[in-house]
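Working through the structure, step by step
Residues per chain, in single letters:
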Amino acid sequence: MNVVKFRNYIMAPIAVLFFFSLVSLVTWLAGENFLTIINYIYIGIFASLGMVLYAKLPKRKKNRGRKISMYAIGGLLFLVMGVLGRIDGQIEGFFFYILAGITAGTVSHYLVAKIIGPVFLNRGWCGWGCWTIMILDVFPYKRSDGRLPEKFGWIRYLHFAMSFGLVLLLWFGFDYGISNQKWDIAGMYWFLGGNIVYYGIGIGLVLLLKDNRAFCKYVCPVSVIIKSSSVFSLLRIKGKSSLCDHCNACTATCPMNIRIPDYIVAGQRVVSTECVMCLTCINTCPTGALEASFGFDLGGKELLQPKSTLPVSIKNSI
Ligand code: SF4
Ligand code: SF4
Ligand code: SF4
């Protein structure tokens, strides 16, 4: 019998709504334009609504909650920021705009969703708003049978360094950047070009590794920034040791292959910076041992499930 109560989830949507209300207030006090303020209210409403729907909908329909949130947030940002606004929301754009001293648009998006946001909301962007995983997660491999060896996780750091290096080279070596008169349309080309590359690599990895989150685990350069901030996250998954019977069902369904029961045994919340706050483990736990919680503990201790090490009986029984 599934004993998961709504209260096990509730801290996540409350934290999201509170955070984005705070961001809207700060942007209003800072004299930002009306559209920016509305944008943050909109994101807060849809992310928290998606989480509440995920918690309340019957098991087979739960993913609709996440889809509503992802399409409403990731889809809208893709269209309004990248295509209509011609702003490069990819990581290269972030570097370009910082060099140009332009803080609106991409830089403020990164600040809220990927730098300050994860300190409050963990990797909520990765679970509920990202326009990359919004597409990759339509494939049927929502669970994987584990992580590739640790060295593959370094590809994303290399990718990050290459993106930064490319921008520096263009900016300082070729005098190319925001000062270019054609930058407006170039921003859109960078954005669409970057996304085509990400989707291409991401879909290739999904099919090769049978894992919707393979791009997130091994290649995404944005995760380098988000992981660094989520070390300090206040919002995390917490397990009650008295209720956990170590069935490992949560680990088997965690899209990021986190060994959740091992954190419970260690007396810690799930401090892994791989957690994308998708809430799947809360939904899976048959004893209601897991909940979203607010607190303070430094993250960074990674307990991850290597490939094919879960007993077949567990994988087949969930
Ligand atoms: S790791 Fe990257 S691709 Fe994956 S959800 Fe996060 S930002 Fe998106
Ligand atoms: S531990 Fe795994 S399943 Fe649970 S919220 Fe984090 S990523 Fe999702
Ligand atoms: S699913 Fe629940 S009971 Fe089973 S190991 Fe995870 S936290 Fe413990």
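All values derive from a computational prediction rather than experimental measurement.

**Digging into the side chain of R213**
With respect to the element layout, R213 can be found in the loop between α9 (183–209) and α10 (214–218). No salt bridge forms around the buried R213; measuring N to O, its nearest opposite-charge neighbour D137 is 5.2 Å away. With near-sequence residues (within four places) excluded, R213 lies in contact with M70, C126, G127, I133, P255, M256 and V276.

**Here's the deal with the packing of aromatic side chains**
Under the counting rule described, the total for this entry stands at 18 aromatic pairs. Each ring, one from F19 and one from F20, has its centre 5.2 Å from the other, and the planes form 85 degrees; the classification is edge-to-face. Here F19 and F20 have matching classes, each one buried. Here F96 and W190 contribute two aromatic rings whose centre-to-centre distance is 5.3 Å and whose plane-to-plane angle is 75 degrees, an arrangement assigned as edge-to-face. Of this pair, F96 sits in helix α4 (residues 91–100) while W190 is found in helix α9, placing the two residues 94 residues apart along the sequence. When sorted by exposure, F96 lands in the same class as W190, which is buried. Taken together, the ring pairs connect F94, F95, Y110, F160 and F164 into an aromatic cluster. The ring centre of F6 lies 4.8 Å from the NZ or CZ of K56, which sits over that ring.

**Here's the deal with the packing of helix α8 (residues 155–173) against helix α11 (residues 222–230)**
The geometry of α8 relative to α11 is characterised by a closest axis approach of 8 Å and an angle of 110 degrees between their N-to-C directions. Comparing the axis directions of α8 and α11 gives the class roughly perpendicular. Contacts between α8 and α11 involve R156, Y157 and F160 from the first element and S223, V224, I225 and K227 from the second.

**Quick word on the pairing of strand β1 (residues 235–239)**
Counting buried positions over the 5 residues of β1 gives 4, a clear majority of the element. In this structure, β1 lies alongside strand β2 (residues 290–294), joined through 5 bridges in antiparallel fashion. Note on β2: the bridge partner recorded for R236 is S293.

**Topic: the pattern of salt bridges**
Counted by the stated rule, this structure contains 12 salt bridges. In this structure, the salt-bridge partner of K307 is D145, at a minimum N-O distance of 2.8 Å. A residue pair is termed long-range when its members are at least 10 positions apart, and K307 in the loop between β2 and α15 (312–317) and D145 in the loop between α7 (131–136) and α8 qualify at 162 residues. By relative accessible area, D145 is classed as partly exposed at 31%. For D297, the salt bridge is made with R236, and the minimal N-O distance between the two is 2.9 Å.

About the thresholds
- Residues numbered from 1 in each chain as written.
- Chains lettered and ligands numbered in written order.
- Predicted model: local features only at pLDDT ≥ 70, side-chain atom pairs only at ≥ 80, totals over all residues.
- Heavy atoms only, no water.
- Helix = DSSP H or I, 4+ residues; strand = E, 2+ residues; numbered from the N terminus.
- Buried < 20%, exposed > 50% of the residue type's maximum accessible area, 1.4 Å probe, protein only.
- Lys, Arg positive; Asp, Glu negative; His and termini not counted.
- Salt bridge = Lys/Arg side-chain N within 4 Å of Asp/Glu carboxyl O.
- Contact = heavy atoms within 4.5 Å.
- Phe/Tyr/Trp six-rings, centres within 6.5 Å; stacked < 30°, edge-to-face > 60°.
- Lys NZ or Arg CZ within 6 Å of the ring centre and 35° of its normal.
- Axes fitted to C-alpha atoms, helices over the stretch in contact; angles between N-to-C directions.
- Parallel < 35°, antiparallel > 145°, perpendicular 65-115°, else oblique.
- Pairing = 2+ DSSP bridges.

Honestly, that's just the spatial picture; any functional story needs more than this.
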